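One-letter residues, chain by chain:
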Amino acid sequence: MVAFGKKLKERQIEEWKGYYINYKLMKKKVKRYAQQIKDGTLDRRHVLKDFSMMLDNQIETIVLFMLEQQGLLASRIAKLGQRHDALQQQPDISQIVELREAYRQVGRDLLKLLFFVEINAIGLRKILKKFDKRFGYRFTDYYVKTRANHPYSQLQQVFKHVGVGAVVGAVSRNLHELQDRQGSYLSIYDQPSVPLQDPVVDSIKAAVDRLTHSTNFLSFLGQHALILQEEFPTPVEEQADDQRYHFNSLLLNLANTFLYMVNTYIIVPTADDYSISLGAAATVCGVVIGAMAVAQVFSSVYFSAWSNRSYFKPLVFSSIVLFAGNGLYAMAYDLNSIWVLLIGRLLCGFGSARAVNRRYISDCVPLRIRMQASAGFVSASALGMACGPAIAGLLQTDFKIYKLTFNQDTLPGWVMAVAWLLYLIWLCISFKEPVREDEDTPVETNGGQAENDALEKGLKKPLLVASENKNEDEDDDLDIDESEEAVDESRRPATSIGSAYRLLTPSVKVQLLIYFMLKYAMEILLSESSVVTTYYFNWSTSSVAIFLASLGLTVLPVNILVGSYISNMFEDRQILLASEILVFLGIVLSFNVIIPYTVAQYVVSGLIMFVSAEVLEGVNLSLLSRVMSSRLSRGTYNGGLLSTEAGTLARVVADGTITLAGYLGDSKLLNVTLLPSLFICITSIVATCYTYNSLY
C-alpha cells in the first residue's frame, strides 16, 4: 500500500511540480497544531485561522495555474482555428490530417490538466478529513460552506472545473468537422445524439465525469440506494469493470428488485380479509405482512455472503423460493390454513435478494454508469411499491378452476408465482455470470493503438488505489514508520455484525436510528391501512389499493424535487431535521383524539408522514453513504447490509406491534400503534439535535 503523499509525488508532472498542493507540508502542520494545542502554546481559534489561510493560498496557486494553462490551450485552439479556416478555402488532405492530430494533442494536454485538478482535489479533500479527524471538529463543512458560495470563490474552480467545457467543446467540434463526412453538411450540433467517436475526446469525457461531484438527482438517488462508491478507478479497473458488466444482467437485477417490492406490497390491501377468511382476526394481517420481513433479516446475511462467490445462483435460488412461497400463499385459502399462509410469506422473505442486487451494481457496473444504475435500483423499488397495491386493486374477481379458488385474496399469490416463474426462465436464458476478481487476467494494451493510449498508461494512473486501498479515513493517516500489519488491518472488511457495529461512529448510529424510525412509521401507516380504513371509513379493497398506490407514486417526484432543488438550497442536516419534524407532525395529526375521525384527516396526515419519511430516507442515506467507514463498503457485512437490517427490523417490530395492538380491539388500534412511532420519532429528533450540536 502506498500512502497518498508518496503517490502524489510519483504522479506529478515534472514541469508543473511547484503548482501541486503541498500535501506533505500541510500534513506536518496538522501534527504540529495538535502538539501545540496539547502543550497549551496555541489556541484552537488561531489554528483555524492559520490553517484556513494556508488552504486559501494553496488553492489560489492551483487555480491561477489552471487558468493560465486553460488560456494557453484556448490560444492554441484559436491559432488552429485560423489554419482550419484557411483549409476550408483550399483543402489539402495532408494538412487536414496534420491539423486533426494538432487538435488531438490539445485534447491530450487538456487531459493532463484534468488529472492535475483531479489529484489536487483528492489531496484537498484528504487533508480536510485529516484535520477533522485529528481535532474532532467539522472544519470541512465550515470551510466548504464559507468558500464555495462566496462570489470570489476559488474553490469552485477546483471542484467545478470551470472553463473545461468550452475547451472540450472546441476540440470536439473541430475534430468532427475534420472527419471524412462523405458530403454531409451537418454539424455536431445538428446530431447531438450521435457522439463523436474519438479516443481523446472519450478519455476527456471520462476524466470530467470522474471529477464531477455536484449534487444532482442521479447522485441523490444513487446514495438513496446506499451503494458505496469508489473514488477514482484506474484505467485497468475500468476495463475490468467493462469486461464484467453485462446490460441484461443489470436489467435482471433491477427486475428482481421491482418484482420483490411488488411482492411485498401486493397483499397489503387484502391481508386483513384473507386473515378473516381463514378464521383469524383482521389484525393478524400484521403478522402476515411482517413474516416476509422476519425472514428477510436472515436472508439478507446469507445472500450477502453468497454474492461473494456468485450472483447467478443466489438469483436462481431466490426465484425458486419466491415461486414456492407465493404458491403456498395462494393455496392457503383452499387448504383453510393460516399456517400455510404464514409459511408462504416466510418463504417469500427467505427469497429476498436485494443484497445481491446491491452488490452486483457496486461490484460489476462500471463507475461511469454506476450512479445511473443506483438510481435505477431506487426507481425500481419505488415503482414496485406503487404497482403492488395497484395490481391488487385490479384483481377483484372470484372463480374456481377445479379445486383452486381465484379471488382477491389468492390472486396476488398466483400472479406473483407466475411472474417469478417467467423471471426464472428469463434469468436462465439471459444472465451472464461476471468473471470473479481472482479469475481476472491482466488487461494488455495493444502497441498499435493511438498515442493517447500511451498517455493514459503514463498519466491516467491510479490516483487512488483499488477498492481494497480506497479507505479515505485511514489511507493517509498511517505514518511511514507504522507496521504493514496495521495497514492491512485498516483495510480489512468487517467479519461479523458485531465488528461492523464497532466501526460505526456516534453520528452513523444516530442516522441508523433515524432510518429505523422512518421505516417503522411507514410500515405502521401502510400495513394497518386496510384495517383502519375499513373500521373508520368502510373502504373497499379497491379504495385501499388506490390510496396506497398514490402514496407510492409520490416517491420519485419527491426525490426529483429534493435531489434537484432542495438539496442545493439547504444543507443536508437542515433537511434532515426539518423532515424529522414533519414526520412528527404527520404522526401527531394521525391520532384520533376528540373530533370524529375523517377521511381528510387520515389522508392528509398519512401523506405528510409518508412524503416526509421519503425525503428523510433519501437525505439520511445520502449522509450515511458519505460518513460510513469505507471498511463497510465491501465484504459480507457491508453498509448496505446494516441499513437493510435496520429497516427490516423496523418493519418486523411495526408489524408485530399491529398484531399485538389488535388484541385491544380495532377501535384502539390506530392510537396504540402510533404511540411507539411518536416516541421513536421524538428520540431520533433529540439524538439528531444533540449529535449535530456537538459536531458543529
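This is a predicted model, so every value here is computed, not measured.

Rules used in this analysis
- Residues numbered from 1 in each chain as written.
- Predicted model: local features only at pLDDT ≥ 70, side-chain atom pairs only at ≥ 80, totals over all residues.
- Heavy atoms only, no water.
- Helix = DSSP H or I, 4+ residues; strand = E, 2+ residues; numbered from the N terminus.
- Buried < 20%, exposed > 50% of the residue type's maximum accessible area, 1.4 Å probe, protein only.
- Contact = heavy atoms within 4.5 Å.
- Areas by Shrake-Rupley, 256 points an atom, 1.4 Å probe, with all protein chains shown as cover.
- Phe/Tyr/Trp six-rings, centres within 6.5 Å; stacked < 30°, edge-to-face > 60°.
- Core = buried A, V, L, I, M, F, W, Y, C linked by side-chain atoms within 4.5 Å.
- Salt bridge = Lys/Arg side-chain N within 4 Å of Asp/Glu carboxyl O.
- Axes fitted to C-alpha atoms, helices over the stretch in contact; angles between N-to-C directions.
- Parallel < 35°, antiparallel > 145°, perpendicular 65-115°, else oblique.
- Left-handed = near helix turned anticlockwise from the far one by under 90°.
- Nonpolar A, V, L, I, M, F, W, Y, C, P; charged D, E, K, R; others polar.
- 1 Å grid on protein atoms, 1.4 Å probe; cavity = no way out; pocket = protein on both sides within 12 Å on 5 of 7 lines; lining within 4 Å.
- Points joined across faces, edges and corners; volume = space filled by probe spheres on them.
- Patch = residues over 30% accessible without salt bridge, like charges linked within 9 Å, V, L, I, M, F, W, Y side chains within 5 Å.
- pLDDT = per-residue confidence, 0-100.
- Polar contact = N/O pair within 3.5 Å; in protein donor to acceptor, adjacent residues only side chain to side chain.

Caption draft 1: Representation of the overall build of the protein chain. Broken down by element type, the protein chain carries 30 helices and two strands. Buried residues in the protein chain amount to 54% of all 696 residues. Long-range pairs, those at least 24 residues apart, make up 82% of the contacts in the protein chain with a sequence separation of at least 6. When the accessible surface of the protein chain is totalled, it reaches about 30,900 Å², and 60% of it is carbon and sulfur.

Caption draft 2: Broad picture of the packing of aromatic side chains. Scanning the model with the defined rule gives 32 aromatic pairs in all. Between Y360 and F431, the aromatic rings sit 6.0 Å apart at their centres with planes inclined by 55 degrees, giving tilted as the arrangement. Of this pair, Y360 sits in helix 16 (residues 354–364) while F431 sits in the loop between helix 18 (411–430) and helix 19 (451–458), and the two are 71 residues apart along the sequence. In this structure, Y360 and F431 share a single accessibility class: buried. On the numbers, 6.0 Å between centres and 10 degrees between planes, the contact of F537 with Y597 is stacked. Here the residue F537 occupies a position in helix 24 (residues 529–537), and Y597 occupies one in the loop between helix 27 (572–590) and helix 28 (599–627), the gap between them amounting to 60 residues.

Caption draft 3: View of the nonpolar core. Within the largest apolar cluster, 110 residues are counted, with the highest numbers of intra-cluster contacts made by L341, Y423, L427, L518, V583, I587 and F610. Here this core takes 13 residues from helix 23 (residues 506–527), the largest share from any one element. Residues contacting L518, with those up to four places away along its chain left out, are A613, L616 and E617.

Caption draft 4: Quick peek at the pattern of salt bridges. If you walk through the whole model with that rule in mind, you get eight salt bridges. Residue K29 is joined to D50 by a salt bridge in which the shortest nitrogen-to-oxygen separation is 3.8 Å. Taken together, the residues K29 in helix 2 (residues 23–39) and D50 in helix 3 (residues 44–89) connect sequence positions 21 residues apart. Classification of D50 as partly exposed rests on a relative accessible area of 25%. Its salt-bridge partner being R76, residue D109 comes within 2.6 Å of it at the nearest N-O pair.

Caption draft 5: Focus on the packing of helix 11 (residues 247–265) against helix 16. Packing of helix 11 against helix 16 leaves a shortest axis separation of 10 Å and a crossing angle of 150 degrees. Relative to helix 16, the element helix 11 is oriented roughly antiparallel. Between helix 11 and helix 16 the crossing geometry is left-handed. Residue-level contacts link S249, L250, N253, L254, N256, T257, Y260 and M261 of helix 11 to R354, V356, N357, Y360 and I361 of helix 16. Of the residues contributing to the contact of helix 11 with helix 16, the split by class is seven nonpolar, five polar and one charged.

Caption draft 6: Spotlight on the environment of S277. Locating S277 in the fold gives a position in helix 12 (residues 271–277). S277 has contacts with Y333, N336 and D409, leaving out every residue within four places of it along the chain.

Caption draft 7: Layout of the environment of M54. Its place among the elements puts M54 in helix 3. Looking at M54, the relative accessible area reads 13%, which means it is buried.

Caption draft 8: Local environment of empty space enclosed by the protein. Taken as a whole and assessed by the stated rule, the structure comprises seven cavities of 30 Å³ or more. Taken as a whole, the largest cavity spans an internal volume of roughly 420 Å³. Looking at the largest cavity, it is lined by 25 residues, and the ones nearest its centre are M261, R354, Y515, K519 and E617. Elements with a minimum of two residues in the lining of the largest cavity: helix 11, helix 16, helix 17 (367–394), helix 23, helix 28 and helix 29 (639–661). If you tally residues by element for the lining of the largest cavity, the top one is helix 17, at five residues.

Caption draft 9: Structural context of a nonpolar patch on the surface. Side chains of F323, V418, L421, L422, I425 and I429 sit close together on the surface and give an oily, nonpolar patch of about 580 Å² of accessible area. No other element matches helix 18, which puts five residues into the nonpolar patch. Within the secondary structure, I429 is located in helix 18.

Caption draft 10: Summary view of the confidence of the model for the protein chain. Looking at the protein chain, pLDDT values average 78 and 74% of them are 70 or higher. Every residue in residues 188–194 scores below 50 in pLDDT, and together they form six contacts with partners more than four places removed in sequence or on other chains. A low-confidence stretch, residues 439–490 (pLDDT under 50), is modelled with 101 contacts involving residues beyond four sequence positions or located in other chains.

Caption draft 11: A look at unusual backbone geometry. Phi is positive for Y402, close to 60 degrees, though the residue is something other than glycine. With respect to the element layout, Y402 can be found in the loop between strand 1 (399–401) and strand 2 (404–406). The class for Y402 is exposed, based on a relative accessible area of 82%. Located in the positive-phi region is N538, a residue other than glycine, with phi close to 55 degrees. Following the sequence through the fold, N538 ends up in the loop between helix 24 and helix 25 (541–553). With relative accessibility at 64%, the residue N538 sits in the exposed group.

Caption draft 12: Region of the structure containing helix 16. Taken across its eleven residues, helix 16 has ten buried, putting it largely inside the fold. Residues of helix 16 that are buried: R354, A355, V356, N357, R358, R359, Y360, I361, S362 and C364.

Caption draft 13: Main features of the packing of helix 14 (residues 312–335) against helix 15 (residues 338–350). As a packed pair, helix 14 and helix 15 sit with axes 7 Å apart at the nearest point and diverge in direction by 165 degrees. One element, helix 14, and the other, helix 15, form an angle in the roughly antiparallel class. For the pair helix 14 and helix 15, the sense of crossing is left-handed. Contact residues: helix 14 offers F317, V321, L322, A324, G325, N326, L328, Y329, A332 and L335, while helix 15 offers V340, L341, I343, G344, R345, L347, C348 and F350.

Caption draft 14: View of the side chain of T657. Position of T657 among the secondary structure elements: in helix 29. By relative accessible area, T657 is classed as buried at 16%. Among the polar contacts made by the side chain of T657, one reaches the main-chain carbonyl oxygen of V653 at a distance of 2.7 Å.

Caption draft 15: Quick look at the environment of F679. For F679, the position within the fold is in helix 30 (residues 666–695). Taking the relative accessible area as the measure of exposure, F679 reaches 59% and is therefore exposed. Along the backbone, F679 and M517 are 162 residues apart, and their C-alpha atoms lie at a distance of 9.4 Å.

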